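# Structural description and commentary
One letter stands for each residue in the lines below.
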2 protein chains.
Amino acid sequence: MATQPATTGTGHDSAAVRAVLDRARQEGRTSLTAPEGKAVADAYGIPTPKEALATSADEAVSLAVELGLPVVAKIVSPDILHKTEAGGVEVGLESPQEVAAAYRRIVANARAHDAEARIDGVQIQQQVGAGEEVIIGATTDVTFGKIVVFGLGGVLVEVLKDVTFRLAPVSHEEALSQVGDIKAAEILRGVRGGRGVDREALADVISRLSQLVTDFPEIAEADLNPVFASASSAVAADLRFVLDFDPPAPPKRFSREEILQATNRIFKPASIAIIGASNEEGKIGNSVIKNVVNGGYSGEIYPINPKADEVYGRKSYKSVADVPGDVDVAIFAIPAKFVAGALEEVGAKGAAGAILIPSGFAETGEQELQDEVLAVARRHGVRLLGPNIYGYYYTPEKLSATFCTPYDVAGGTALTSQSGGIGMAILGYSRSTHTGVSAIVGVGNKADIDEDDLLTFFGQDDNTNAIAMHLEDLKDGRAFVEAAREVVPKKPVVVLKAGRTSAGARAAGSHTGALAGDDKVYDDILRQAGVVRAPGLNELLEFGRALPVLPAPKGENVVIITGAGGSGVLLSDAVVDNGMSLYEIPPDLDSAFRAFIPPFGAAGNPVDITGGEPPSTYEKTIRLGLEDDRVHALILGYWHTIVTPPMVFAEVVSRVVEEARAKGIDKPVVASLSGDTEVEAASAYLFDRGVVAYPYTTEKPVQVLGAKYRWARAAGLL
Amino acid sequence: MATQPATTGTGHDSAAVRAVLDRARQEGRTSLTAPEGKAVADAYGIPTPKEALATSADEAVSLAVELGLPVVAKIVSPDILHKTEAGGVEVGLESPQEVAAAYRRIVANARAHDAEARIDGVQIQQQVGAGEEVIIGATTDVTFGKIVVFGLGGVLVEVLKDVTFRLAPVSHEEALSQVGDIKAAEILRGVRGGRGVDREALADVISRLSQLVTDFPEIAEADLNPVFASASSAVAADLRFVLDFDPPAPPKRFSREEILQATNRIFKPASIAIIGASNEEGKIGNSVIKNVVNGGYSGEIYPINPKADEVYGRKSYKSVADVPGDVDVAIFAIPAKFVAGALEEVGAKGAAGAILIPSGFAETGEQELQDEVLAVARRHGVRLLGPNIYGYYYTPEKLSATFCTPYDVAGGTALTSQSGGIGMAILGYSRSTHTGVSAIVGVGNKADIDEDDLLTFFGQDDNTNAIAMHLEDLKDGRAFVEAAREVVPKKPVVVLKAGRTSAGARAAGSHTGALAGDDKVYDDILRQAGVVRAPGLNELLEFGRALPVLPAPKGENVVIITGAGGSGVLLSDAVVDNGMSLYEIPPDLDSAFRAFIPPFGAAGNPVDITGGEPPSTYEKTIRLGLEDDRVHALILGYWHTIVTPPMVFAEVVSRVVEEARAKGIDKPVVASLSGDTEVEAASAYLFDRGVVAYPYTTEKPVQVLGAKYRWARAAGLL
């Protein structure tokens, strides 16, 4: 039996893989033998050690000599998946005698392990072991589908879980970033004068494997473990493939055109029917019609109530079928058991969307009722929002289609939540901080409309310039990533993924039946998609409020200008914590700053103007920072003094920033205000004028700037 | 030459170490040779491999055979510290021939490296290499003095910096906790069925080394690297000692009695002199006297002003010497250059403290002026606060000795800051949130009074029950740790250490000339001292405000009760993030909860009562959680509904908690309120009644509870 080369080139031999998989399917197997695995790897150019199959001890010896000692010997049996546990692997065989003895032991062990096992022979493999041991794998994630994983072998993976994930397929460049993304990446670049490994070769293996599992969805899992990475190569020393010829059906997908056609009618309806609109105070159907009317919605409003002629001063109809004109949106405020019936009529009427406020569906165990409603919707081509939601707001249309109170501060932020409680926090927080909002949307049980539909709409919506989403799971992670990749170059997408921790994930499970995936998978893949992840609820709200206020930075050079040296230290800490770095100010600019500050003030970065300075010192240094092209973002630290009171500082900063904007200089400026309670009004004044300012915290302004930078990098602006 | 045993028992042979160190000192050396290092290790019972010194190749061979092959050979020369770089180490010598050849090569390499080097011979050492390779070391930290370090060898230390520090000396128990504190500690406990290593033996080595460097301060550094840890032993395979016979003088220390005598007079003065008290509006000396008088201070007030007969309605004196009665505290509101002269008079008058508000000392480069003032103070036994501060507040005495506005919300929190800007943030935030404060103190340049003095005072001050400190450095870290260890069992100590990151540390350096130590050292040692570290300014303020409000938990069983399932998920995430875990509710208690909630609500933990429930459901479930002895802390998640509006929730919770307290049940209860803006007033209402509640955030209440737990564990209450 002739030995095979390490690789078969760079092309993909799909037919060869198909042949292997077809045989496995015919034989009813869910795994591949080692030679089959090698054939699959060869077909996709994944390098493996030279090897061949021996069917006798003598043949094992002659192959070992031909391949070059030392060799590894492994049982080949379709019935033995975990070869090591079966005593089916021996390594470091250095002489013909050792090879022959190992052959006999392995076959005997396999027989002892499983007397019925089919034994095809023993694979004799060139032993590779130089360089670093890494793990490359692919699996089928319940949320994202095919994903690839990379990590360093041994304790780094097993104990410290130092691995990174990416959505498959990955390009060579993405794979290279994945290789560099583990915490211990320095090891691969070479430590203590070591040469490092061929990261290009590793990226090549990742990219090829990701393409393989994408082309052949029935490969449910693939483990290349270990892969030996040297300075000049990467060789997969062991391969394991698990097959699934009967995978779950992929989620229903709509085209971008279909999504936009429906969502544009839902968010900008010419007419609304309110199913269950009521004159009775305290009823949800009463709150909804009041809010729609009093919120200022100017389209047609049709109350539907079989028992009333008029509701809240509008002519009422027994059924949607009786409505004279078209209906774009039907808002449901009736008990769960009546929804399916009413939805038939709404569907017949040609509505684009049904807003299902009622609870009593999947969240209370009534999955069948929810499925029935969805089936009706699909039959009529109606998209569902909910059920089990507070409704939705869209301020450009003055639309408050909800049982909560109306919201009227129009602006650029669209917020969505999977939970009603979080939705209420969004509403209260936005109102309290005067956040300019384009939309607030509850998605609830997500029987139909999901975050990817909303991303697609808000991405092209001119009234929205930042999107902030609370979610506990994604029904179709891949669709979400695709939508996010489309939107991120245009506007920031912020996500609070609840259920990060195992305790949180358990709580999510009991809440919505959502299977929260491994958080590291979410984290890596959301980042890969350019999404800014909010660590908590407060940050989701704050990023949602502040990101549209800040202009995008045009470079990485961040400068702190502070009146309080102590704030300067804390702001510097925050800069590093949030993935930015302080600009090393060049000598000429440093001199220019020094000209404005007292001799004992500290130039460099932070520029410490010292505490006793008048407004003019803040003014001159901030103007210099704004007007110098090499500076891309400013962080201001204010210290309350009698010489420069808080509102004076706020007015000076606002004026200088406005003057710069008039000249076409639009840089992000954030501020931390330390002082007595007047700094609260000063912060609000600044925020209203485009300077993201907070009292009593050095962390928050920098965290917001850091989020803006993360987005700008993901959007390709830097 | 006879071989030596691996250890010499458990006692400490101080005389043997003294002899080695004396010889090194006499010879003008700052390092020890390998045999000397071994002698020192032997004297303190630190196990090392068996070894002996060979002075010829033949002797090397016979020793190697006697010790047992394989062996390691190392050059012995007082002039060669880095033996490997000099070609002076060979390992894995397996035969007499290899040993002889290695001896000759090593000596030749050493001569080539340094022809002048004194060569004592070649050390032949039993080769140890089984088990895990770890690093144990000791060094002299600029802030904390002698500290010990522990880490796993290889890439984990070099790339991932997975090391832990402790203040020396450490007990065996502390050392054991240090061993368990590295991220990869699981490796030591045994992974994948491995047996793990003898952690007791490792702790023993750490503890012995920590005692050695404590007993012999001239040992500036000690590296045991590697130490081989097996299932039954820990052996230091290589030793390196660096000596410093001329260390910097230790900082001035006062006894506890001296500190309390001075600080009790400073915080509770019977009389105050205001040096530079002025009638002129806008002057600091005018603001200070106004604040002292209007703040309500009831002791004697003596304005000192050479040009006025009366200041702000009080008789004024030309000099402190003219004051008829005693003076406890003198507040300085005069330019820096006049401070030393006035301090002579204040000292002669027998004042306990001088509050130096003026700037213009070390922070502007005038270190000599500051040293001069300190010398005057030391001569008279006056303690200095500052210079370069806003002053201090002590509400139990209605004392506002500051140029800022008075503060009058008395309560249990003492706050200190190194920076005036941060001090102003403390003032504004406290005022805005009605934080009950015992003291606010600026320490500024810390020419004299330092955080350890203040900790000592507040620790025994019955008016203070929590201490929150902002600091950029510690002048005497060891004194701080000793003070903290005294205080922590009685009340929480929270520290915001600014300059955590390298950028932050650089800014701290330019601000106060403070040398910010390696943050990991601070982090580990502050934790060892039981200090709760605040990650940022906002947390410092929030912990300071909230910790005194919460009772201490009596156990680790945390239960979430929530009306919003979505909040429950985020609260669960926060529980894990903050080092707590959700109690696994036993079946009988679970049934008891289920009896109160709808069938589709989720018992377990979180207890999800669902959103539409009336106040009575909150009431019953919260009462159950309070009254069941197995539950130790409650986290509440509120969802704004018409059925249970925010203030109704707040009243119900306050009442249930109050009823429980009346029965002697005092558990920490925190709450996250999701809803429209009414939740802000409801949160404030709850906070005032001992329930730490926040609107629009699921993170903050849990973060505060986590801080309380960290303290309770450190205080030995759990």
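Residues numbered from 1 in each chain as written. Chains lettered and ligands numbered in written order. Predicted model: local features only at pLDDT ≥ 70, side-chain atom pairs only at ≥ 80, totals over all residues. Heavy atoms only, no water.

Keep this limit in mind: UniProt positions are given in the numbering used here, feature names are shortened, and annotations may be inferred rather than shown by experiment.
Chain A goes by Acetyl coenzyme A synthetase (ADP forming)-like protein in an unreviewed UniProt entry, where it is assigned to Spinactinospora alkalitolerans. According to the UniProt record, the Sequence similarities (unreviewed entry) comment for chain A is "In the N-terminal section; belongs to the acetate CoA ligase alpha subunit family."

## Description of the overall build of chain A
Here is the rule we go by: For helices the rule is a DSSP run of H or I covering at least 4 residues; for strands it is a run of E covering at least 2, with both sets numbered from the N terminus onward. Shrake-Rupley sampling with a 1.4 Å probe provides the accessible areas, and residues are treated as covered by the protein chains on show and by no other component. Charge convention: Lys and Arg are scored as positive, Asp and Glu as negative, and His as well as the terminal groups of each chain are ignored. Positions of charges follow a simple convention, taking NZ of Lys, CZ of Arg, CG of Asp or CD of Glu.
Helix and strand content of chain A: 24 helices and 29 strands. Seen along its three principal axes, the alpha-carbon backbone of chain A occupies a region of about 95 × 80 × 40 Å. Put simply, chain A shows about 25,900 Å² of open surface, and 50% of that area lies on carbon and sulfur atoms. One way to put it: in chain A the 67 positive side-chain charges average out to a point 2 Å from where the 94 negative ones average out.

## Observations concerning the relation of the copies chain A and chain B
Think of it as a corkscrew move, a rotation about one axis and a shift along it, taking one chain copy to the other. Heads up, the rule is: Here the copies were fitted onto each other by least squares, based on C-alpha atoms from residues at pLDDT of at least 70 in both. Contacts are assigned to residue pairs that have any heavy atoms within 4.5 Å of one another.
Its rotation angle being 180°, the transformation that places chain A on chain B also includes 0.0 Å of axial translation and leaves an RMSD of 0.1 Å. On this basis, the relationship between the two copies can be described by a two-fold rotation axis. Looking at chain A, 100% of its interface residues are interface residues in chain B too, so the copies touch through the same face.

## Looking at the interface of chain A and chain B
Just so we agree on the cut-off: Computed with a 1.4 Å rolling probe, the buried area is the accessible surface lost when two parts are put together, summed over both parts. When a carboxyl oxygen of Asp or Glu is within 4 Å of a side-chain nitrogen of Lys or Arg, the pair counts as a salt bridge.
With 74 residues of chain A in contact, the opposing surface of chain B contributes 74 residues. Buried surface at the junction of chain A and chain B, summed over both partners, amounts to about 5,500 Å²; 65% is from carbon and sulfur atoms. Remark: the boundary between chain A and chain B carries four salt bridges. Across the salt bridge formed by R500 of chain A and D577 of chain B, the nearest N and O atoms sit 2.4 Å from each other.

## A short note on empty space enclosed by the protein
Residue and element names in this part refer to chain B. Applicable threshold: Of the two site types, the cavity is a set of points on a 1 Å grid over the protein atoms alone where a 1.4 Å probe fits but cannot get out, and the pocket is an open set with protein on both sides within 12 Å along at least five of seven lines, each lined by residues with an atom within 4 Å of a point. Grid points are joined across faces, edges and corners, and a volume is the space filled by probe spheres set on the points.
One pass over the full model with this rule turns up seven cavities of 30 Å³ or more. Of the pockets and cavities examined, the largest cavity occupies roughly 80 Å³. Every element with two or more residues in the lining of the largest cavity is listed here: α2 (34-43) and β4 (121-126). Among the elements that make up the lining of the largest cavity, the one with the highest residue count is α2 (three residues).

## Some details on the UniProt feature "domain: ATP-grasp" (unreviewed entry) in chain A
Those places that UniProt annotates as "domain: ATP-grasp" (unreviewed entry) correspond, in this numbering, to residues 38-74 of chain A. Note that residues 38-74 of chain A is 46% helix and 22% strand, and that its end C-alpha atoms are spaced 13 Å apart.

## Considering the environment of L69 of chain A
Residue and element names in this part refer to chain A. To keep it simple, the criterion reads: The buried label goes to any residue with under 20% of its type's maximum accessible area, the exposed label to any with over 50%, and the partly exposed label to all in between, with areas taken from a 1.4 Å probe on protein chains only.
Considering the arrangement of structural elements, one finds L69 in the loop between α3 (57-67) and β2 (71-76). Looking at L69, the relative accessible area reads 34%, which means it is partly exposed. Separated by 23 residues in sequence, L69 and G92 place their C-alpha atoms 8.5 Å apart. If we ignore the near neighbours within four places in the chain, the residues touching L69 are A64, L93, E94, S95, P96 and V99.

## Some details on the domain arrangement of chain A
How big an interface is tends to be stated in terms of the accessible area lost upon association of its parts. Stated formally: Segmentation into domains, and thus their bounds, comes from an automatic or database assignment.
Taken domain by domain, chain A comprises domain 1 (14-126), domain 2 (132-243), domain 3 (255-388), domain 4 (409-548) and domain 5 (557-714). The distance between the C-alpha centroids of domain 2 of chain A and domain 3 of chain A comes to 49 Å.

## Looking at the packing of aromatic side chains
For the record, the criterion: Note on aromatic pairs: the rings of Phe, Tyr and Trp (six-membered ring only in Trp) are paired at centre separations within 6.5 Å, and the planes decide the class, stacked below 30 degrees, edge-to-face beyond 60, tilted for the rest.
The full count for this structure, using the stated rule, is 28 aromatic pairs over all chains. An angle of 85° between the planes, with centres 5.7 Å apart, marks the rings of Y429 of chain A and Y696 of chain B as edge-to-face. Linking Y429 of chain A in helix α13 (residues 420-433) with Y696 of chain B in the loop between β29 (692-695) and α24 (699-714), this pair reaches from one chain into another. The class of Y429 of chain A is buried, set by a relative accessible area of 5%. Relative accessible area serves as the criterion here: at 5%, Y696 of chain B is assigned to the buried category. With a centroid separation of 5.4 Å and 65° between ring planes, the pair formed by F457 of chain B and F458 of chain B is classed as edge-to-face. You can call F457 of chain B buried: its relative accessible area is 0%.

## What to know about the environment of D22 of chain B
Inspection of the secondary structure puts D22 of chain B in helix α1 (residues 14-26). The sequence separation of D22 of chain B and F245 of chain B amounts to 223 residues, and the corresponding C-alpha distance is 10.0 Å.

## A few points about the nonpolar core
Threshold: Working definition of a nonpolar core: buried Ala, Val, Leu, Ile, Met, Phe, Trp, Tyr and Cys residues. They are joined through side-chain atoms within 4.5 Å.
Core analysis: the largest hydrophobic core is formed by 142 residues, its most contacted members being I331 and Y392 of chain A. Those residues within four positions of Y392 of chain A in sequence are excluded, and the remaining contacts are I266, F267, V329, I355, L385, L399, S400, A401, T402, I440 and V441 of chain A. If you look at the next biggest cluster of nonpolar residues, it comprises 141 residues, including I331, L455, M469 and V521 of chain B.

## Here's the deal with unusual backbone geometry
Geometrically, the link from N605 of chain A to P606 of chain A is a cis peptide bond, its omega value of 10° lying close to zero. Among the structural elements, P606 of chain A can be located in the loop between α20 (587-594) and β26 (607-608). Between N225 of chain B and the following residue, P226 of chain B, the backbone shows a cis peptide bond with an omega angle of 0°. Within the secondary structure, P226 of chain B is located in strand β8 (residues 219-229).

## Notes on the sheet that holds strand β17 (residues 383-385) of chain A
Residues and elements named next belong to chain A. For the record, the criterion: One bridge is not enough; two strands pair if DSSP finds at least two bridges between them. Note on definitions: angles span 0 to 180 degrees between N-to-C directions of axes, and those axes are lines fitted to C-alpha atoms, for helices only across the stretch in contact.
With respect to topology, five strands assemble into an open sheet ordered β12-β11-β15-β16-β17, the strand pairing being parallel. Two strands bound the open sheet, and with one partner strand each, they are β12 (300-304) and β17. Between one strand and the next, the sheet's axes are offset by a mean angle of 20°, whatever the strand orientation. Relative to strand β15 (residues 329-332), strand β11 (residues 271-275) is paired through four bridges, and the arrangement is parallel. For A273, the partnering residue across the bridge sits in β15 and is A330.

## Quick notes on the sheet that holds strand β1 (residues 51-54) of chain A
Residue and element names in this part refer to chain A. Read across the open sheet, the four strands follow the order β1-β4-β2-β3; overall the sheet is antiparallel. For this open sheet the edge positions go to β1 and β3 (89-93), each flanked by a neighbour on one side alone. Adjacent strand axes in the sheet meet at a mean angle of 20° when their direction is disregarded. Across the face of the sheet, helix α4 (residues 96-113) comes into contact with β1, β2, β3 and β4 (121-126) while running at roughly 170° to β3.

## Some points on α24 of chain B
Residue and element names in this part refer to chain B. Worth spelling out the cut-off: To estimate how far a helix should reach, multiply one less than its number of residues by 1.5 Å.
The terminal C-alpha atoms of α24, which comprises 16 residues, lie 22 Å apart, in line with the 22 Å expected from a rise of 1.5 Å per residue. With respect to burial, α24 is a largely interior element, 13 of its 16 residues being buried. One or two positions beyond α24, positive phi appears at G716, with a value near 75°.

## As for a negative patch on the surface
Residue and element names in this part refer to chain A. Our working rule: Surface patches are drawn from residues lacking salt bridges whose relative accessible area is over 30%; two like charges belong together within 9 Å, two nonpolar side chains (Val, Leu, Ile, Met, Phe, Trp, Tyr) within 5 Å.
Residues E366, E368, D371 and E372 make up a contiguous surface patch of negative charge. Relative to the helices and strands, E372 is located in helix α12 (residues 367-380). With a relative accessible area of 42%, E372 lands in the partly exposed category.

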